[in-house]
Amino acid sequence: QVQLVESGGGLVQPGGSLRLSCAASRMIASFDAMAWYRQAPGKQRELVARITSGHNTNYDDSVKGRFIISRDNAKNTVYLQMNRLKPEDTAVYYCSGHTVVPINEDYWGQGTQVTVSS
């Protein structure tokens with residue numbers, strides 16, 4: 001089985017920065033793509049940022065220019081640098097990994113809470 005463990009969440013004031021980390025129990029290079037999702041109370045889980053094995057990235061419009069997704073294959077870790085945070089960024093953030101081989105499936109971490117408030 002694959003384990004993904006998020007860390008780095010917490011309370012931050014508007015305009016502040018936070019960096020989330022996702023440590024994987026397998027080589028992240030073996031994933032077709034890794035991503036960060038978030039879910040606020042009463043809302044559906046939504047894609048925040050995605051990075052493929054080919055280094056292509058994709059961001060939700062609400063975070064473009066503020067968030068950066070990156071990976072360190074040697075550490076089997078993916079990061080989400082969050083800058084100029086807004087109250088509407090408040091949510092539980094989840095790390096996700098997608099594989100195609102040997103089977104098509106998704107893996108999820110337990111989530112980490114991010115609260116943006118003054």
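Before going into details, it helps to say that this report is about the structure given with it. (Residues numbered from 1 in each chain as written. Predicted model: local features only at pLDDT ≥ 70, side-chain atom pairs only at ≥ 80, totals over all residues. Heavy atoms only, no water.)

## Side note on the sheet that holds strand β3 (residues 18-24)
Taking strand neighbours across the sheet as the criterion, the 4 strands line up as β1-β3-β8-β7 in an open arrangement whose pairing is antiparallel. Strands with a single pairing partner mark the edges of an open sheet, and in this sheet they are β1 (4-7) and β7 (67-72). Strand-to-strand twist in this sheet, taken as the mean axis angle between neighbours without regard to direction, amounts to 15 degrees. Where β3 meets strand β8 (residues 77-82), 6 bridges bridge the pair, whose relative direction is antiparallel. Counterpart to Ser-21 in the pairing with β8 is Tyr-79. (Pairing = 2+ DSSP bridges. Helix = DSSP H or I, 4+ residues; strand = E, 2+ residues; numbered from the N terminus. Axes fitted to C-alpha atoms, helices over the stretch in contact; angles between N-to-C directions.)

## Things to note about the packing of aromatic side chains
Within this structure, the stated rule accounts for 2 aromatic pairs. One Lys or Arg, Arg-26, reaches over the ring of Phe-31 and ends 5.0 Å from the middle of that ring. Sitting over the ring of Trp-108, Arg-45 keeps its end group 4.7 Å from the ring centre. (Phe/Tyr/Trp six-rings, centres within 6.5 Å; stacked < 30°, edge-to-face > 60°. Lys NZ or Arg CZ within 6 Å of the ring centre and 35° of its normal.)

## Examining the state of the cysteines
Formally, a disulfide is one covalent bond, and it connects the sulfur atom of one cysteine to the sulfur atom of another. If you walk through the whole model with that rule in mind, you get 1 disulfide. What pairs with Cys-22 in a disulfide is Cys-95, and their sulfur atoms sit 2.1 Å apart. Torsion about the S-S bond of the Cys-22 and Cys-95 cystine: about -80 degrees, corresponding to left-handed handedness. With a gap of 73 residues between them, Cys-22 in strand β3 and Cys-95 in strand β9 (residues 91-99) connect regions that are remote in the sequence. For the pair Cys-22 and Cys-95, one class covers both residues: buried. (Disulfide = S-S within 2.5 Å. Buried < 20%, exposed > 50% of the residue type's maximum accessible area, 1.4 Å probe, protein only.)

## Side note on the nonpolar core
Across soluble globular proteins, nonpolar side chains show a tendency to be buried alongside one another. By size, the foremost hydrophobic cluster in this structure holds 29 residues, and its most contacted members are Met-34, Trp-36, Leu-80, Met-82 and Tyr-93. Taken together, the elements giving at least two residues each to this core come down to β3, β4 (33-39), β5 (46-52), β7, β8, β9 and β11 (112-116). Among the elements that make up this core, the one with the highest residue count is β3 (4 residues). (Core = buried A, V, L, I, M, F, W, Y, C linked by side-chain atoms within 4.5 Å.)

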